[in-house]
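Chains, contacts and geometry: an overview
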Amino acid sequence: MFQLTGKVALVTGGSRGIGRACCEALAEHGATVVVNYVKGEAAAKEVADAITARGGKAEIAGFDVADTKAAEAAIDEIAKRHGRLDILVANAGISIDGLLLRLKEEDVDRLFQVNVKGSLACAKAATKVMMRARTGRIMFMSSVVAEMGNVGQTAYAASKAAVIGAAKSIAREFASRNITVNVITPGFIDTDMTSNMTDAMKEQLVKVVPLGRTGTAREIAAACVYLASDEAAYVTGQVLRVNGGMYV
Ligand code: NAP
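Residues numbered from 1 in each chain as written. Predicted model: local features only at pLDDT ≥ 70, side-chain atom pairs only at ≥ 80, totals over all residues. Heavy atoms only, no water.

**Here we look at the site of the ligand**
In the neighbourhood of the ligand, 32 residues make up the surrounding shell, with Ser15, Lys39, Gly40, Tyr156 and Thr191 lying closest. Between threonine 191 and the ligand, the recorded distance is 2.5 Å, taken from a side-chain N or O atom to an oxygen atom. Relative to its free-state accessible area of 910 Å², the ligand is covered by the protein chains to the extent of 95%. Contributing elements (two or more residues each) for the shell around the ligand: helix H1 (17-28), strand S2 (32-37) and helix H6 (154-174). Of the residues that constitute the shell around the ligand, the class distribution is 14 nonpolar, 13 polar and five charged. (Near = heavy atom within 4 Å. Polar contact = N/O pair within 3.5 Å; in protein donor to acceptor, adjacent residues only side chain to side chain. Areas by Shrake-Rupley, 256 points an atom, 1.4 Å probe, with all protein chains shown as cover. Helix = DSSP H or I, 4+ residues; strand = E, 2+ residues; numbered from the N terminus. Nonpolar A, V, L, I, M, F, W, Y, C, P; charged D, E, K, R; others polar.)

**Considering the sheet that holds strand S4 (residues 87-90)**
By way of backbone hydrogen bonds, the strands of a sheet pair with one another, either parallel or antiparallel. On the basis of which strands lie adjacent, the open sheet formed by seven strands has the order S3-S2-S1-S4-S5-S6-S7 and parallel pairing. Where the open sheet ends on each side, the last strands, each with one partner, are strand S3 (57-62) and strand S7 (239-242). On average, adjacent strands in this sheet sit at an angle of 20 degrees to one another, irrespective of strand direction. Across three bridges, strand S1 (residues 8-11) lies against S4 in parallel orientation. Along S4, the bridge assignment pairs leucine 10 with leucine 88. Sheet strands in contact with helix H2 (residues 41-53) are S2 and S3, and its direction is about 170 degrees off that of S3. (Pairing = 2+ DSSP bridges. Axes fitted to C-alpha atoms, helices over the stretch in contact; angles between N-to-C directions. Contact = heavy atoms within 4.5 Å.)

Here's what the structure looks like:
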């Protein structure tokens, strides 16, 4: 089950955190993985090296998902070089927190540029390739806060909710081409993104997680492998919540 041998996967923001875990898990299941990054070339290289050291196949590709032309050109190039692109994990994302009354316009713009526009640019470029192949898998990385909201995360939550609406629409647009499009909404996962929280803040947060702990990037990657697999061929337009019961 969940065999991905012969498939080519692009994971945006694959250099760290959840993206890194997705790269590793997809490669473990046989996929050739393209690890995208924007700044962390050394980190991306480390991910690719770790995968190849374990007998997997990986390479790196640096581009800013928020730069539509660069993202489209990079994805075209990856697809041409490999002759295919089977899996896209639109994971690259940023968080900028702040209460509504303190929200800065430039922060809202940046959140939407990366989290929404960036994800859509990658999906658009990937679907062009997948359409011709009449098969493909796209996973968007949203967040639990898109569905439940969170104090101090109005703009971030809005950007992540936008991704859900987009994914459901793309799922409908491309179902006839056998391309499935799904969303993963992680709960509170231990990564760089959440590392600036104090222990007291983390303790407070974990209290609202029925399973009583934070999640791991590997637990998100497992959902990603499932949705990428042939076994998930009949699953599209869905939101897969991996959040320890934080939102049910
Ligand atoms: P992270 O540790 O901060 O890693 C972010 C990744 O995105 C890095 O690989 C980074 O690349 C890349 N990235 C950022 N901006 C980019 C851009 N403009 N173009 C290309 N790559 C870019 O984040 P994470 O916690 O793993 O989160 C991954 C995704 O899950 C995000 O979309 C996030 O919103 C979502 N999420 C996370 C949590 C959580 O609790 N951690 C919860 C819900 C949802 P560089 O290394 O080059 O900077």
